[in-house]
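# Results of the structural survey
Below, each chain spelled out in residue letters.
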Amino acid sequence: MIHPIVKYGDPVLETPAKLVDAFDAEFQTLIADMFESMYAANGVGLAAPQLGISRRVAVIDVSNGKTAEAKIVCANPEIVHAEGEQREEEGCLSVPGFRGHVARPQYVTVRAQDSSGKEFEMRGEGLLARAFCHEIDHLNGVLFITHLSMLKRDLIKRKIRKLKKAGDW
Ligand code: NI
């Protein structure tokens, strides 16, 4: 089922999410809903708090649904290694319409559990490394705008306040 994506301003986005401790049917439904909602919004990653659910799980597909093997489920993920640096424009489905340059590692190795609870390690480069960092940030209650300059961040926040007043957020 496609769910609406929670936008900046909702406290769930700035609250560290709780550990996933049950890989049951309810959890499988959550993952399916997360993929569906992410594809519907044309995103490459989505974290559970973005559906209003404070759980440490994210889904990623940097192929935009073109390759089945590109579908990644990360439950309770942790970055165990990072190297290099990339500086690219980044956006977020919870901060629609705004983008900014964020420095991220070029390579990231993540340790996580899959949808069945099995532990795995995966190394990502470029966009995938960026997605891992962005989604794990979400699980820690951190949005990409936190990484922007104060000037740029305040500009975005001001524009969002205006949109909210106008009822467009
Ligand atoms: Ni995001």
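Everything below is about the structure printed above this text.
Predicted, not measured: the structure shown is a model, and the values here were computed from it.

A complete count under the given rule lists 3 aromatic pairs for this structure. Ring centres 6.0 Å apart and planes at 20 degrees place the aromatic pair phenylalanine 35 and tyrosine 39 in the stacked group. Remark: tyrosine 39 and phenylalanine 35 occur in helix H1 (residues 25–40); sequence separation between them is 4 residues, near one turn of the helix. The class of tyrosine 39 is partly exposed, set by a relative accessible area of 27%. Consider the rings of phenylalanine 98 and tryptophan 169, whose centres lie 6.3 Å apart with planes at 55 degrees: the pair is tilted. Of this pair, phenylalanine 98 sits in the loop between strand E4 (86–91) and strand E5 (99–104) while tryptophan 169 is found in the segment after helix H3 (150–165), placing the two residues 71 residues apart along the sequence. Seen from the ring of tryptophan 169, lysine 7 lies directly overhead, with NZ or CZ sitting 5.3 Å from the centre. Above the plane of the ring of phenylalanine 35 lies lysine 71, whose end atom (NZ or CZ) is 4.5 Å from the centre.

Thresholds applied
Residues numbered from 1 in each chain as written. Predicted model: local features only at pLDDT ≥ 70, side-chain atom pairs only at ≥ 80, totals over all residues. Heavy atoms only, no water. Phe/Tyr/Trp six-rings, centres within 6.5 Å; stacked < 30°, edge-to-face > 60°. Helix = DSSP H or I, 4+ residues; strand = E, 2+ residues; numbered from the N terminus. Buried < 20%, exposed > 50% of the residue type's maximum accessible area, 1.4 Å probe, protein only. Lys NZ or Arg CZ within 6 Å of the ring centre and 35° of its normal.

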